[in-house]
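Given next are the chains, with one letter for each unit.
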Amino acid sequence: MSNKMWGGRFATSPDAIMTEINASIGFDHRLAAQDIRGSLAHVAMLAEAGVVTRETADAISRGLNQVQAEIESGVFTFSRALEDIHMNVESRLAEIIGPEAGRLHTARSRNDQVAVDFRLWVRDTIDHLDAQLRGLQSALVDRALEHAGDTMPGFTHLQSAQPVTFGHHLLAYVEMLARDRGRFADARRRLNECPLGAAALAGTSFPIDREQTARALGFDRPTANSLDSVSDRDFVLEAMSAAAVCATHLSRFGEEIVLWATPQFGFVNLSDAFTTGSSIMPQKRNPDAAELVRGKSGRVIGALTGLLVVMKGLPLAYSKDMQEDKEGAFDALHTLSLCVEAMTGMVKDLKPDTKRMKAAAGAGYSTATDLADWLVRTLNLPFRQAHHITGSLVRMASERKTGLEKLSLSDMRAVEPKIDETVFAVLGVEKSVKSRKSYGGTAPSNVRAQARRWRARLDKELKALGSH
């Protein structure tokens, strides 16, 4: 028996393997709410345009609301034989209201239907992710204010470079997440056009009002080209690209937490809530949440790559290959959401060992740049000459296995006779960070000001959302 939703041209049923490879209901059931929302807007427009009667539109709307209630309550039965969410919903609608259900698909194709469903889903997901990312920023800002003056080593090449504050380090991720949110916002703005009414690929001869359905679904406008409307998936690619960049940021932070939690670093401790133990080594406390955030970034990046490969060779307009757009996107954006929640929990949970951080901040001659800067400011030496003198003093201190601040004034004058006792004022870790007052620098006063600026900005965003 051929498929009753499209099988008039066919005399027999598809082969079992064809049914298996063709069915998408196993994953596109996630679009149920968006599918019904789009159908409600479509049938309301059809009634307004006089394409269907008000009585038919009302019956279809009541039936769609019943289908949605059944899905939300868990009593709805999804059928693989009906292939996808669109035909599952329409089939159940027909059981509820009878043959008039068939009028819902007037002036519409599954091509523009899935396009609008997916845009709605991506838009909803971006809004959810934005709220989560704001929450992570808020948690980071709170911790940055708490630790604005606590010193730690700043690294380049994973070698001690210059001292910074822990608050300054955390605010670096606040800035990254702000750019991530900006990328998602840009993607949302560009996707916010409604493809409904493009039909299969060429539009429709029915007197539809695409502006009406666009407004009803919260889009800025209808899409302008019917071919592009049904064959475009760059709105998914752009959202997944933003997700991949965001996941990379989270992965980097996860890697730092993994390092900081080792006995060798000992910078932070995570509670039982975000660690696990070993089945054989009873002493172990593994930062598995951070490791999983780091690992799951690969899934997000891989999903983006997968869809790029799917789309790269497709001619206009719709091809069944495009059914592969959903599983990767669903998984990637869900994975990112999970990682953001886990990272927010870890940020709130972690306890920095500020004494250990401060001790490490002075290791590796991290105030050498301060010494070079002092030589430039005080002795008016060219920086390259100051760099060479400082390098010689670092070598001397290293050979004696001592810190720069432990060298005597006579030791320093043996390398540069003009050095005087005021040099020791710049060799302390806390003095170093306090001196970095340039905009964006690590001085505690800067960190507090930046954190307060972010707190005010995030609070303003929440207040604005609450007023809508």
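Above this text is the structure in question.
Residues numbered from 1 in each chain as written. Predicted model: local features only at pLDDT ≥ 70, side-chain atom pairs only at ≥ 80, totals over all residues. Heavy atoms only, no water.

Caption draft 1: Expanded view of the overall build of the chain. When helices and strands are tallied, the chain shows 18 helices and six strands. If you line up the chain on its principal axes, its C-alpha atoms span 100 × 50 × 45 Å. Relative to its full complement of 468 residues, the chain shows a buried share of 49%. Of the contacts made within the chain by residues no fewer than 6 positions apart, 74% connect residues no fewer than 24 positions apart. Of the charged side chains in the chain, 58 are positive and 57 negative; the average position of the first set lies 7 Å away from that of the second. (Helix = DSSP H or I, 4+ residues; strand = E, 2+ residues; numbered from the N terminus. Buried < 20%, exposed > 50% of the residue type's maximum accessible area, 1.4 Å probe, protein only. Contact = heavy atoms within 4.5 Å. Lys, Arg positive; Asp, Glu negative; His and termini not counted. Charge placed at Lys NZ, Arg CZ, Asp CG, Glu CD.)

Caption draft 2: Broad picture of the nonpolar core. With 94 residues, the main nonpolar core has F118, L140, F184, L250, F253, L336 and M343 as its most contacted residues. At 15 residues, the largest contribution of residues to this core is made by helix α10 (residues 234–260). In this view, L140 contacts L170, Y173, V174, L177, F253 and V347; residues no more than four positions away in its chain are not counted. By size, the runner-up hydrophobic cluster in this structure holds 20 residues, among which are L375, I389, L393 and L404. (Core = buried A, V, L, I, M, F, W, Y, C linked by side-chain atoms within 4.5 Å.)

Caption draft 3: Main features of the environment of T422. Topologically, T422 is positioned in the loop between α16 (409–415) and α17 (429–435). Assessed through its relative accessible area of 41%, T422 is described here as partly exposed. Taking the C-alpha atoms as reference, T422 lies 33 Å from L171; in sequence the two are 251 residues apart. Engagement of the side chain of T422 in a polar contact is seen with the side chain of D420, the distance being 2.4 Å. (Polar contact = N/O pair within 3.5 Å; in protein donor to acceptor, adjacent residues only side chain to side chain.)

Caption draft 4: Region of the structure containing the pattern of salt bridges. One pass over the structure, following the stated rule, counts 31 salt bridges. Taking the shortest distance from any N to any O, the salt bridge between E70 and R92 comes out at 2.8 Å. In this pair, E70 is assigned in helix α4 (residues 54–73) and R92 in helix α5 (residues 85–97), connecting sequence segments 22 residues apart. Owing to a relative accessible area of 13%, E70 belongs among the buried residues under this scheme. (Salt bridge = Lys/Arg side-chain N within 4 Å of Asp/Glu carboxyl O.)

Caption draft 5: View of unusual backbone geometry. In this structure, the amide linkage connecting L316 to the following residue, A317, adopts the cis form with an omega of 5°. When you line up the elements, A317 lands in the loop between α11 (288–311) and α12 (325–349).

Caption draft 6: Looking closely at the packing of aromatic side chains. The final tally for this structure, using the stated rule, is ten aromatic pairs. Measuring from ring centre to ring centre gives 4.3 Å for Y173 and F253, while their planes differ by 20°; the resulting arrangement is stacked. Within this pair, whereas Y173 is found in helix α7 (residues 166–191), its partner F253 is found in helix α10, the two being separated by 80 residues in sequence. Residues Y173 and F253 agree in their burial class; the two are buried. A network of ring pairs unites the aromatic residues F118, W121, F235 and F330 as a single cluster. Between R123 and the ring centre of F219, over which it is positioned, the NZ or CZ distance is 4.7 Å. (Phe/Tyr/Trp six-rings, centres within 6.5 Å; stacked < 30°, edge-to-face > 60°. Lys NZ or Arg CZ within 6 Å of the ring centre and 35° of its normal.)

Caption draft 7: Structural view of the packing of helix α3 (residues 32–48) against helix α6 (residues 110–146). Between α3 and α6, the least distance of the axes is 9 Å, while the angle of their chain directions is 120°. Classified by the interaxial angle, the pair formed by α3 and α6 is oblique. Once α3 is placed against α6, the crossing between them reads as right-handed. Counting all contacts with α3, which are made through Q34, D35, R37 and S39, the residues of α6 involved are Q113, D117, L120, W121, R123 and D124. Classifying every residue of the contact of α3 with α6 gives two nonpolar, three polar and five charged. (Axes fitted to C-alpha atoms, helices over the stretch in contact; angles between N-to-C directions. Parallel < 35°, antiparallel > 145°, perpendicular 65-115°, else oblique. Left-handed = near helix turned anticlockwise from the far one by under 90°. Nonpolar A, V, L, I, M, F, W, Y, C, P; charged D, E, K, R; others polar.)

Caption draft 8: Just a nonpolar patch on the surface, in detail. A cluster of nonpolar side chains, I17, M18 and I21, forms an exposed patch at the surface whose accessible area comes to about 340 Å². Topologically, I21 is positioned in helix α1 (residues 16–22). The class of I21 is exposed, set by a relative accessible area of 65%. (Patch = residues over 30% accessible without salt bridge, like charges linked within 9 Å, V, L, I, M, F, W, Y side chains within 5 Å. Areas by Shrake-Rupley, 256 points an atom, 1.4 Å probe, with all protein chains shown as cover.)

Caption draft 9: Representation of the side chain of Q132 in the model. Looking at the secondary structure, you find Q132 in helix α6. A polar atom in the side chain of Q132 sits 2.7 Å from the side chain of S337. Leaving out residues up to four positions away in the same chain, Q132 has contacts with S337, V340, E341 and T344.

Caption draft 10: The arrangement of the side chain of D349 in detail. As for its position among the elements, D349 is in helix α12. Nearest to the buried, unbridged D349 among oppositely charged side chains is K351, at 5.1 Å. Engagement of the side chain of D349 in a polar contact is seen with the side chain of S271, the distance being 2.6 Å. When near neighbours in sequence (up to four residues on either side) are disregarded, D349 contacts R143, N269, L270, S271, A273 and F274.

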